[in-house]
Each structure stands twice: as structure tokens, then as C-alpha cells.
Amino acid sequence: MRIGELSTRTRTPVRLLRYYEEQELIASDRLPNGYRDYEEYVVDRVLQVRGLLDVGLPTRIIKQILPCLNSPRTIHMPYVTPDMVATLERERDRMAEKIECLTKNHQAITDYLDAVRRNIRAS
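The name given to the protein in an unreviewed UniProt entry is MerR family transcriptional regulator, and the organism recorded there is Streptomyces nogalater.

(A) Just the environment of N119, in detail. Within the secondary structure, N119 is located in helix α5 (residues 82-122). Taking relative accessible area as the criterion, N119 reaches 56% and is therefore assigned exposed. C-alpha of N119 to C-alpha of P82: the two residues are 37 residues apart in sequence and 55 Å apart in space.

(B) Spatial organisation of the packing of helix α1 (residues 3-10) against helix α3 (residues 41-54). For the pair α1 and α3, interaxial distance at closest approach is 10 Å and the crossing angle is 50°. Viewed along their axes, α1 and α3 adopt a mutual orientation that is oblique. Handedness of the crossing formed by α1 with α3: right-handed. Contacts from L6, R9 and T10 of α1 reach α3 at V42, V43, V46, L47 and R50.

About the cut-offs
Residues numbered from 1 in each chain as written. Predicted model: local features only at pLDDT ≥ 70, side-chain atom pairs only at ≥ 80, totals over all residues. Heavy atoms only, no water. Helix = DSSP H or I, 4+ residues; strand = E, 2+ residues; numbered from the N terminus. Buried < 20%, exposed > 50% of the residue type's maximum accessible area, 1.4 Å probe, protein only. Axes fitted to C-alpha atoms, helices over the stretch in contact; angles between N-to-C directions. Parallel < 35°, antiparallel > 145°, perpendicular 65-115°, else oblique. Left-handed = near helix turned anticlockwise from the far one by under 90°. Contact = heavy atoms within 4.5 Å.

Below, the structure is given as C-alpha cells:
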């Protein structure tokens, strides 16, 4: 797929997709006319990258952990430092807190909608 379609499907600006490619977070082939051509799996990869960026991980760490999101899982260890491990542990813990908060909010909205529906049926 071309970059415009990838942009539309992931709701990611083209400029940002080019940046991800510069940072080696995604990859494309080049068509004879010079256009980028992305494989289908890149849609999920972009969404994963965006999610990791949204929780505060820098691109240098995302690049390191991306192989863990693939199958088979190949982990590149040469650049792992104690600081990186500590950063990943902190970010993992922050994600867990956000998940807990989102789960509670999801349940609150579900409960509210259930109450609204009961009220509508009762009237």
C-alpha cells in the first residue's frame, strides 16, 4: 500500500510516517517510480508505535523493543543498559496504572449507559 493509504488507515500524518521510517520504526519498499510501498503488517506496527509514543517511550527505546512485537520474537541485546531496563520498568508500571484507570472509566461509562437505557425503557 502507498503512504497515503497507510496514513488514512492509521490516522497518522504522512510526515510522521516518514519520520517513523527515518527512525527505522517502520520500513517500506520502493516502487520503480520511487513511491513507498508498505506491507499490510505495517498498519499494526504504526498503531503499536503510536501507542508506545503516547505512553512516553522515546523512539530509541521503541526501536529496541519492536522485535518483541514480532513473531518469532528476536531480541537484540547489545544496546541494553541498566538505565534502559529501569526506564522500561517505569513505563510498564505507568501503562498498568493507565490500564487500571481506563478499565474503571470504561466500567463507569458502561454503568451509566445501562442506567440511561433502563430509564428510557421505564418512561
